Amino acid sequence: FNAAKQLNRLSPIRKWDILLLFKEALNNIIRHADADTVEIITRKEGNSVCLEIRDNGIGLPPNTRPKHLIRRARKLNAKITFETPPSGGTTIKCIL
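Residues numbered from 1 in each chain as written. Predicted model: local features only at pLDDT ≥ 70, side-chain atom pairs only at ≥ 80, totals over all residues. Heavy atoms only, no water.

## Quick notes on the packing of helix 2 (residues 12-33) against helix 3 (residues 67-75)
Packing of helix 2 against helix 3 brings their axes to within 10 Å, and their N-to-C directions diverge by 165 degrees. Judged by the inter-axis angle, helix 2 sits roughly antiparallel to helix 3. Note on packing geometry: the crossing formed by helix 2 with helix 3 is left-handed. Contacts from D17, L20, L21, E24, A25 and N28 in helix 2 reach H68, L69, R72, A73 and K75 in helix 3. Its residues assigned to classes, the contact of helix 2 with helix 3 comprises five nonpolar, two polar and four charged. (Axes fitted to C-alpha atoms, helices over the stretch in contact; angles between N-to-C directions. Helix = DSSP H or I, 4+ residues; strand = E, 2+ residues; numbered from the N terminus. Parallel < 35°, antiparallel > 145°, perpendicular 65-115°, else oblique. Left-handed = near helix turned anticlockwise from the far one by under 90°. Contact = heavy atoms within 4.5 Å. Nonpolar A, V, L, I, M, F, W, Y, C, P; charged D, E, K, R; others polar.)

## Overview of the pairing of strand 3 (residues 79-83)
Residue alternation in strand 3 divides its side chains into a buried set, I80 and F82, and an unburied set, K79, T81 and E83. Inspection of the sheet shows strand 3 paired to strand 4 (residues 90-95) by five bridges, in the antiparallel sense. For E83, the partnering residue across the bridge sits in strand 4 and is T91. Hairpin remark: strand 3 followed by strand 4, antiparallel, with six residues in the connecting loop; positive phi at G88, about 105 degrees. (Buried < 20%, exposed > 50% of the residue type's maximum accessible area, 1.4 Å probe, protein only. Pairing = 2+ DSSP bridges.)

## Description of the nonpolar core
Ranked by size, the top nonpolar core spans 21 residues in total, and within it I18, L21, L51, L69, I80, C94 and L96 carry the most contacts. In terms of residues, this core owes the most to one element, helix 2, which gives six residues. Discounting residues that sit within four places of it in the chain, L51 has contacts with L7, I18, F22, I41, T42, I92, K93, C94 and L96. (Core = buried A, V, L, I, M, F, W, Y, C linked by side-chain atoms within 4.5 Å.)

## As for the pairing of strand 2 (residues 48-55)
Buried residues dominate strand 2, accounting for six of its eight residues. Where strand 1 (residues 38-45) meets strand 2, eight bridges bridge the pair, whose relative direction is antiparallel. Paired with E45 across the strands is S48, a residue of strand 2. Between strand 1 and strand 2, which pair antiparallel in sequence order, lie two residues; one of them, G46, sits at a positive phi of approximately 65 degrees. As paired strands, strand 2 and strand 4 are joined by six bridges and run antiparallel to one another. Paired with I53 across the two strands is I92, which belongs to strand 4.

Quick look at the structure:
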């Protein structure tokens, strides 16, 4: 699993910031999404690591992006995207 090797090379502070990003995303799902399934995926994409969280909840309201997650991604110098397909749910992708 190549993503694990790349994640293990990160500084303890960056690892902590990634943990906090995941924690906040999961907390949002629990509090707001009304989801009963959450999928967490880590994978290597070229020289980057993609961290992805998917749920089957009600999705984000239109034109909504959780500011605290964007702030955490900036601190990690990562790109974060939010997708809510018409079928529902939300996918959060963070590329480090």
